[in-house]
Amino acid sequence: MLKATIIVRYKQGVDDPEGKSIKHSLELLNFKDIQEVRVAKYYEIYLDKPLEEGKREVEEMIRKLLVNPVIHDYEMRVEEL
Amino acid sequence: MWGEIMKVAVLQIEGTNCEEESYAAFKHFNQDVEYVHLNLVKRGKKRLEDYDILFIPGGFSAGDYVRAGSIFAARLKAIAWKELKKFVEDENKRIIGVCNGFQILIELGLLPGVDGISEVPEAALMVNDSNRFECRWVYLRKERDTSFSKEVPELIALPVAHAEGKFFTTSKILEEIEENRQVVFRYVSPSGGKAEYPWNPNGSLNDIAALVNSYGNVMGIMPHPERAFHWYQHPDWTRKKREVGDGYYIFKSLLHHK
């Protein structure tokens, strides 16, 4: 069994309105000195595949659905459980 | 092409909406329109090539999970990418995507399509700057005549209803879009001037509300023309006399384009 973890976040320089809203809400709760809040999506995908094949497949999932390369960067890790 | 009956497919998957308004709009012009669920295309029961116009309606396809429109786009691509490319390369065929449909066309790489068709997305319709669902009437200025806008007056009002409608792309592609004159409608203020929020409801770059591809046969539009087809759908119908709703002209252009 493989576990793939993928984090998809906005590229630097791309606006993150959700992060801004959350920053504002935290400030309303009296948290001070927050420089920035950035929101990302975290996926866990469990696969029944050999490691190398699994990695290739997860890369394809990223390309076909999970990431829009115009606005997103991502980190991916695939490990055997 | 006056008087010629077109075959129109209103594409559906779970979570699309306004299909009925869109269907009714085409029926109003006596077109041969039908609902086509993507699963019928997948099973080979319907073929895209049999239609003249594909209409991708609004809504929250597949729950708008991952990103708005991305699941519909990925499924359509997996089922019929070759057919879709052939469709777009045929100058007599047209695709229009409204709201979620616009998001789908961007995720497919059919828009902005500065060099035709792209295998990867060249732009995004991102979360609105306000981080809210924006649901209101907006004003649009027609930027050019296309087969989607030929019959449309210079300044119209249409409703928007979306959370992810901010058109975003690289500065290079944005420049090419403007050079190619691919912007069909821009958000403007009620008097027709530069749109600030809320008249630009989402923070779209260059106030872009609708785009056509470089071939001129695929258009995506964030506001909903099918929700303003009749005069009585406009909120100012008691004050301003209209024969038809402003969205009517987009369907009229689409059907009487030659």
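Before any of the text, the structure's been laid out above.
Conventions adopted
- Residues numbered from 1 in each chain as written.
- Chains lettered and ligands numbered in written order.
- Predicted model: local features only at pLDDT ≥ 70, side-chain atom pairs only at ≥ 80, totals over all residues.
- Heavy atoms only, no water.
- Helix = DSSP H or I, 4+ residues; strand = E, 2+ residues; numbered from the N terminus.
- Rg over C-alpha atoms; globule rule 2.2 N^0.38 Å.
- Buried < 20%, exposed > 50% of the residue type's maximum accessible area, 1.4 Å probe, protein only.
- Areas by Shrake-Rupley, 256 points an atom, 1.4 Å probe, with all protein chains shown as cover.
- Salt bridge = Lys/Arg side-chain N within 4 Å of Asp/Glu carboxyl O.
- Contact = heavy atoms within 4.5 Å.
- Buried area = accessible area lost by both parts, 1.4 Å probe.
- Nonpolar A, V, L, I, M, F, W, Y, C, P; charged D, E, K, R; others polar.
- Polar contact = N/O pair within 3.5 Å; in protein donor to acceptor, adjacent residues only side chain to side chain.
- Pairing = 2+ DSSP bridges.
- Axes fitted to C-alpha atoms, helices over the stretch in contact; angles between N-to-C directions.
- Patch = residues over 30% accessible without salt bridge, like charges linked within 9 Å, V, L, I, M, F, W, Y side chains within 5 Å.

Peer 1: What exactly am I supposed to notice about the overall build of chain B here?
Peer 2: A tally of regular secondary structure across chain B gives 6 helices and 13 strands. Against the globule reference of 18 Å for 258 residues, chain B gives a C-alpha radius of gyration of 17 Å, in line with a compact fold. Seen through its principal axes, chain B has C-alpha atoms that stretch 50 × 40 × 35 Å. Counting only residues that meet the buried cut, chain B has 58% of its 258 residues in that class. Working note: accessible area of chain B is about 10,500 Å², and carbon and sulfur atoms make up 49% of it.

Peer 1: Could you clarify how one ought to interpret helix α4 (residues 100–108) of chain B in this entry?
Peer 2: At 3.6 residues per turn, the α-helix brings residues three or four places apart onto the same side. Within α4(B), 9 of the 9 residues are buried, which leaves it mostly tucked inside the rest of the structure. Downstream of α4(B) by one or two residues, B:Gly109 has phi in the positive range, about 90°.

Peer 1: Help me understand the pattern of salt bridges in this model?
Peer 2: Working definition: two side chains of opposite charge can pair if their charged atoms are close together. All names here are of chain B. Counting across every chain of the model gives 31 salt bridges over all chains. A salt bridge links Glu119 to Lys85, with the shortest nitrogen-to-oxygen separation between them at 2.8 Å. Of this pair, Glu119 sits in the loop between α4 and β7 (123–127) while Lys85 sits in helix α3 (residues 70–89), placing them 34 residues apart in sequence. What makes Glu119 partly exposed here is its relative accessible area of 47%. Residue classification places Lys85 among the partly exposed residues on the basis of a relative accessible area of 22%.

Peer 1: Looking at this structure, I do not really get the interface of chain A and chain B. What am I missing?
Peer 2: Many analyses report the size of an interface as the accessible area lost when the parts associate. Counting from both sides, the interface comprises 17 residues of chain A and, opposite them, 19 residues of chain B. The three residues of chain A that bury the most area against chain B are A:Pro17, A:Leu65 and A:Val70, which together make up 37% of that side's buried surface. If you look at where chain A meets chain B, you find 1 salt bridge. Of all the secondary-structure elements, those providing two or more residues to the side of chain A that touches chain B are α1 (17–28), β2 (40–47) and α2 (51–66) of chain A. Its residues assigned to classes, the side of chain A that touches chain B shows 10 nonpolar, 3 polar and 4 charged.

Peer 1: Mind showing me how you'd approach the environment of B:Asn100 here?
Peer 2: Residue and element names in this part refer to chain B. On the secondary structure map, Asn100 appears in helix α4. Overall, the relative accessible area of 0% leaves Asn100 in the buried class. In the structure, Asn100 is positioned 123 residues away from Pro223 in sequence and 10.0 Å away in space, judged by C-alpha atoms. Those residues in contact with Asn100 that lie beyond four places of it in its chain are Pro57, Gly58, Gly59, Phe60, Ser61, Asp64, Ala68 and Gly69. Here Gln103 takes part through its side chain, which lies 2.6 Å from a polar atom of the side chain of Asn100.

Peer 1: Can you help me understand the sheet that holds strand β1 (residues 2–10) of chain A in this one?
Peer 2: Residues and elements named next belong to chain A. Strand order in this open sheet of 3 strands is β2-β1-β3, and the pairing throughout is antiparallel. Edge positions in the sheet fall to β2 and β3 (72–80), since each has one partner strand and no second. Shown here is a sheet whose adjacent strand axes are inclined to one another by a mean of 15°, direction ignored. For β1 and β2, the ladder comprises 8 bridges, and the chain directions are antiparallel. Within β2, the position partnered with Ile6 by the bridge is Tyr43.

Peer 1: What exactly am I supposed to notice about a nonpolar patch on the surface here?
Peer 2: A grouping of A:Met1, A:Tyr46 and A:Leu81 is seen on the molecular surface, where their side chains present a nonpolar patch of about 360 Å² in accessible area. Relative to the helices and strands, A:Met1 is located in the segment before β1.

Peer 1: Any chance you could explain the side chain of B:Ser189 here in plain terms?
Peer 2: Residues and elements named next belong to chain B. Among the structural elements, Ser189 can be located in the loop between β11 (183–188) and β12 (208–212). The exposure class of Ser189 is buried, given its relative accessible area of 11%. Here Ser189 is in contact with Tyr139, Lys194, Ala195 and Trp199, once residues within four sequence places are set aside.

Peer 1: Just checking my understanding: could you explain unusual backbone geometry for this structure?
Peer 2: Trans is the prevailing form of peptide bonds, just as negative phi is the prevailing case for residues other than glycine. All names here are of chain B. In the segment running from Leu111 into Pro112, the intervening peptide bond is cis, with an omega of 0°. Structurally, Pro112 can be placed in the loop between α4 and β7. Pro198 follows Tyr197 through a cis peptide bond whose omega is 5°. Mapping Pro198 onto the fold places it in the loop between β11 and β12. Non-glycine residue Val66 carries a positive phi angle of around 65°. Checked against the element boundaries, Val66 lands in the loop between β5 (58–59) and α3.

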